[in-house]
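Each chain, written out:
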Amino acid sequence: DDLLRFKVTPNKLSRNYETMEITFADMTDTGAELSIKWETTRVDFRIETEVDEIVMAQIQELVIDTQTENPGLLYSAANYYYTNKKDMSQAYAWISKSVESDKKYWTVHLKAKIEATLGLKTEATASAKESMALAKEAGNPDYIALNERLIKSLK
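A short tour of the structure in this document, coming up. Bear in mind that the values here come from a model prediction, so they are computed numbers and not experimental data. (Residues numbered from 1 in each chain as written. Predicted model: local features only at pLDDT ≥ 70, side-chain atom pairs only at ≥ 80, totals over all residues. Heavy atoms only, no water.)

1. Comments concerning the packing of helix H5 (residues 121–138) against helix H6 (residues 141–153)
Thought 1: It is at 8 Å that the axes of H5 and H6 come closest, and there the two elements cross at 165°. Looking at the two axes, H5 sits roughly antiparallel to H6. For the pair H5 and H6, the sense of crossing is left-handed. Residues Thr-125, Ala-128, Lys-129, Ser-131, Met-132, Ala-135 and Lys-136 of H5 lie in contact with H6, whose contacting residues are Tyr-143, Ile-144, Asn-147, Glu-148, Leu-150 and Ile-151.
Thought 2: In terms of residue class, the contact of H5 with H6 is made up of seven nonpolar, three polar and three charged. (Axes fitted to C-alpha atoms, helices over the stretch in contact; angles between N-to-C directions. Helix = DSSP H or I, 4+ residues; strand = E, 2+ residues; numbered from the N terminus. Parallel < 35°, antiparallel > 145°, perpendicular 65-115°, else oblique. Left-handed = near helix turned anticlockwise from the far one by under 90°. Contact = heavy atoms within 4.5 Å. Nonpolar A, V, L, I, M, F, W, Y, C, P; charged D, E, K, R; others polar.)

2. Considering the pattern of salt bridges
Thought 1: Taken as a whole and assessed by the stated rule, the structure comprises nine salt bridges.
Thought 2: Residues Glu-48 and Arg-46 are paired through a salt bridge, measuring 3.1 Å at the closest nitrogen-oxygen approach.
Thought 3: With a relative accessible area of 56%, Glu-48 lands in the exposed category.
Thought 4: A relative accessible area of 29% means that Arg-46 is categorised as partly exposed.
Thought 5: Through salt bridges that share partners, Asp-26, Arg-46 and Glu-48 make up one connected network. (Salt bridge = Lys/Arg side-chain N within 4 Å of Asp/Glu carboxyl O. Buried < 20%, exposed > 50% of the residue type's maximum accessible area, 1.4 Å probe, protein only.)

See the structure below:
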């Protein structure tokens, strides 16, 4: 009972793999390269998913249609829009609302990055400084460094 069947071109390997080896490489938000090696044969193929359609439907249902006030959902939606270069004005509205109700160093940092993308350098610098202060208070050196780099890039 095959669930899926497709054709690939196998490659010969110079070394012998006694145990079957399955690896994933070139991982992205939408897929990965799968490699199967066994004995002297290697097969490679790409697996892709329709992530954007699924995530956008979830954002529509959980954020837009319900007009949520949940800061976690607002952050996630804003982060997805920012990461995938979607509507930055909408991402900014969501992250601003998230920060307003539940300020965290990572949410303020995302706000700074979105402000930078929108060309709001003064606001981005202020948000990055605020995020850095919150990260220092929380003892997170990674976010301190991220904010320092962001501020430097804005000069």
